[in-house]
Structure formats: structure tokens, C-alpha cells
Amino acid sequence: MKITTSLIEKLIRLRNGESIPASQLRGEWVSELESDGVIVNTSHGSRRVLFVPQPKAFLQALSAFDERLSDLDLIRDTLQTGETSRSVQASATGNSKLIAVRSCPGFPINAYEPIACLLNGREMIVNPQEGSFMFISDWQSFSIPQDIVVVGIENMENFRMIRQQRALFERTIGSDRLLFVSRYPQSSDLRSWLQTIPNRYVHFGDFDLAGIRIFLTEFFAYIGERSSYFIPSDIEQRLPNGSLERYNAQYLKFKNIKTNMPYLQHLIDTINNYHRCYDQEGYINI
């Protein structure tokens, strides 16, 4: 059974003694409850309606049928706000998984030099030891200095091994201080955070049509001119040694990608010229 706000509202109306049109609540489980007399299907003028003669028996039957329906008000609040934690669900019902709730919002961050940031109004130094990184869960309360360039890295191996790519970043971006971020686990949290800060954003993904599409549709479309695509100076020398198979697999789906940004359109044209893709992992340990 798919639990929706509309369904829960109808069940609450029945619980509260109201009638609803029979056409609004259908399914095998509804027929079973009608057969048991828990729900009554009767005529009301020219149409048929459903009502519940004994609300307590109705609630017991719902709970026996599907544990998620044991607390209709809790489920309604959860669906409407999307913020009810698993701990609240467990406290109320003993089951922390009544409704799917993201228990780990946020995104990972990394840096190869200390950066003083603010989290919930308190200073936090971002300086992970090599071989580790940090995770920001309260991202709405996370802020960074305005002179920091945020570098989004698509693949986790590159994200974990930023020190092995430091020379690459310095050649391509310059001497600006960098905060590295990742979308893992994938969600809109990182993008939402980027929309709240004024910092420059550089997107480091694979050098293929699919990677460029991710940047254009999931970042540039929301952040605009503050965002740019990371393009090393030697990518045109590397692309001839890239993957023809990957390019062919992507071409039909992404062949019409275009942009009015000359530097990025040049990368698209170069990829199409060589019929090759090049993965960003190739830049580790250069």
C-alpha cells in the first residue's frame, strides 16, 4: 500500500465519523474491511458512500492490516512536514521506519589546509587528517568565508585523495583557498546550501557529455554565473586516450547538449571531435 497524505486524510475523516464517496477509497484491503463490517458501503441518494460505525474497531483493523496506520495523526504530520525523525516515530509507535525519513542529511567536506568556518554559530576548523574527511549534517547552519572557492567533486576517489591532486587544483584554479564538497550520498542538500552562499563554485566531474549535463542541469541552472566547470589545461591531450565505448553509450542521449559558455562549449566540441570520454580519476597522482 502506498501511504499518501490524501489517503491518510480520508482515513482520518472516516475515523472522525464522516462519510466519504466510495469512489475515493478502493482496493482489496477496503473490500476486506467492508466484508468484516468495519467499513460500511451504503447508498446515499444516487451515489455510494463509506462510513465507519465503530471508530475503535476501525483503528484496530487498520493497525492489524498495516503497522504504519497505527497512528494516523503521526503519519499525517510526518508526510506534511517531512521532518519527523526516526526517534520520534520510534517513541510514538515503537517502529522507526513507519515512514521513510532521511536519517543522514547533508554532505561531506574536505580540505588540505585549515579553513575557519561557522557551524551553528560556533567556529569550526575544517582540517581533516589525510585519510579522512568531515560530514556536515546541519548544513543550513554551516557558513564559510566568502573568499573560499567551493570545489564540488563528483567521484569519491578524487574527493578522498585531494592532496594527490593539489598541484592540479593550483594550476587550474589558482592560489585561492579551496573547500572540497561531494554529493555523496546524492541529494539536493549540497545544491541548496550553495544557493544560500555567495562563494564561487567550481564543478569537477568526468570529462564526458553526461558529466557536463549534470553540471548544467543540477548546478549551473540554480547557481548561475557563480559556477564553472573544472577543465585542466591538458584535457585535449588526454581525450584521445579516453573511452570510445563510454562516448558511444552516451552519445544518443546527450548529443544535443549545448551551452552559451564558450569555454565549456569548446570542451563539448572537443569530446565530440575525438569521440572519447575521460574520467577524472585519471588526474590523481599527476
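For the structure, check the block above.
Residues numbered from 1 in each chain as written. Predicted model: local features only at pLDDT ≥ 70, side-chain atom pairs only at ≥ 80, totals over all residues. Heavy atoms only, no water.

1. Digging into the packing of aromatic side chains
Okay, so step 1: A complete count under the given rule lists 17 aromatic pairs for this structure.
Okay, so step 2: On the basis of an interplanar angle of 85° and a centroid distance of 5.9 Å, the ring pair of Phe169 and Phe204 is categorised as edge-to-face. Separated by 35 residues along the polypeptide, Phe169 in helix α7 (residues 166-173) and Phe204 in strand β11 (residues 201-204) bring together distant segments of the chain. Both residues of the pair, Phe169 and Phe204, belong to the buried class.
Okay, so step 3: Aromatic pair Phe215 and Phe220: ring centres 6.0 Å apart, planes at 45°, arrangement tilted.
Okay, so step 4: Look at Phe220 and you get buried, because its relative accessible area is 17%.
Okay, so step 5: Three or more aromatic residues joined by ring pairs make a cluster, and in this case those are Tyr112, Phe169, Phe180, Phe204, Phe207, Phe215, Phe220, Tyr229, Phe230, Tyr278 and Tyr283.
Okay, so step 6: For the cation-ring pair, Arg191 lies above Tyr222, with the distance from its terminal atom to the ring centre recorded as 3.9 Å.
Okay, so step 7: Sitting above the plane of the Tyr283 ring, Arg238 keeps its charged end 3.9 Å from the centroid. (Phe/Tyr/Trp six-rings, centres within 6.5 Å; stacked < 30°, edge-to-face > 60°. Helix = DSSP H or I, 4+ residues; strand = E, 2+ residues; numbered from the N terminus. Buried < 20%, exposed > 50% of the residue type's maximum accessible area, 1.4 Å probe, protein only. Lys NZ or Arg CZ within 6 Å of the ring centre and 35° of its normal.)

2. Regarding the nonpolar core
Okay, so step 1: Grouped together as the largest cluster of nonpolar side chains are 57 residues, with contacts concentrated most on Leu179 and Trp193.
Okay, so step 2: The element that contributes the greatest number of residues to this core is helix α9 (residues 209-223), accounting for eight residues.
Okay, so step 3: If we skip the residues at most four places from it in the chain, Trp193 touches Phe107, Trp139, Phe142, Ile144, Val150, Leu179 and Val181.
Okay, so step 4: Formed by 22 residues, the second largest nonpolar core is a distinct cluster that contains Val38, Leu50, Val52 and Leu62. (Core = buried A, V, L, I, M, F, W, Y, C linked by side-chain atoms within 4.5 Å. Contact = heavy atoms within 4.5 Å.)

3. Focus on the packing of helix α8 (residues 189-196) against α9
Two measures define how a pair of helices packs: the angle their axes make with one another and the distance between the axes.
Okay, so step 1: Across the interface, α8 lies against α9 with an axial gap of 10 Å and an inter-helix angle of 20°. By the angle between their directions, the pair α8 and α9 is classed as roughly parallel. Crossing of α8 over α9 shows right-handed handedness. Every residue of α9 that contacts α8 at Leu190, Arg191, Leu194 and Gln195 is listed here: Glu218, Phe219, Tyr222 and Ile223.
Okay, so step 2: A per-class count over the contact of α8 with α9 returns five nonpolar, one polar and two charged. (Axes fitted to C-alpha atoms, helices over the stretch in contact; angles between N-to-C directions. Parallel < 35°, antiparallel > 145°, perpendicular 65-115°, else oblique. Left-handed = near helix turned anticlockwise from the far one by under 90°. Nonpolar A, V, L, I, M, F, W, Y, C, P; charged D, E, K, R; others polar.)

4. Quick notes on the sheet that holds strand β8 (residues 142-143)
Okay, so step 1: If you trace the three strands from one edge of the open sheet to the other, you get β6-β5-β8, paired in antiparallel fashion. The open sheet has two edge strands with one neighbour each: β6 (122-126) and β8. (Pairing = 2+ DSSP bridges.)

5. Remarks on the sheet that holds strand β2 (residues 40-44)
Okay, so step 1: Pairing in this open sheet of three strands is antiparallel, and the strands run β1-β3-β2 from one edge to the other. A strand with exactly one partner marks an edge of an open sheet, and here the two such strands are β1 (20-21) and β2.
Okay, so step 2: Two elements, β2 and strand β3 (residues 47-51), share five bridges in a ladder whose sense is antiparallel. From the neighbouring strand, Ser43 faces β3, where its bridge partner is Arg48.

6. A few points about the pattern of salt bridges
For side chains bearing opposite charge, pairing can occur when the charged atoms are close.
Okay, so step 1: Across all of its chains, the model carries 14 salt bridges by this definition.
Okay, so step 2: For Arg166, the salt bridge goes to Glu113, with nearest N and O atoms at 3.9 Å. In this pair, Arg166 sits in helix α7 while Glu113 sits in the loop between β4 (107-110) and β5 (115-119), placing the two residues 53 residues apart along the sequence.
Okay, so step 3: For Arg183, the salt bridge goes to Glu218, with nearest N and O atoms at 2.4 Å. Of this pair, Arg183 sits in the loop between β10 (178-181) and α8 while Glu218 sits in helix α9; the two residues are 35 residues apart in sequence, bridging distant segments of the chain.
Okay, so step 4: With relative accessibility at 10%, the residue Arg183 sits in the buried group.
Okay, so step 5: Three or more residues are tied together by salt bridges with common partners; here these are Glu9, Arg15, Asp73 and Arg76. (Salt bridge = Lys/Arg side-chain N within 4 Å of Asp/Glu carboxyl O.)

Remember, this is a structural readout, not a statement about activity or role.
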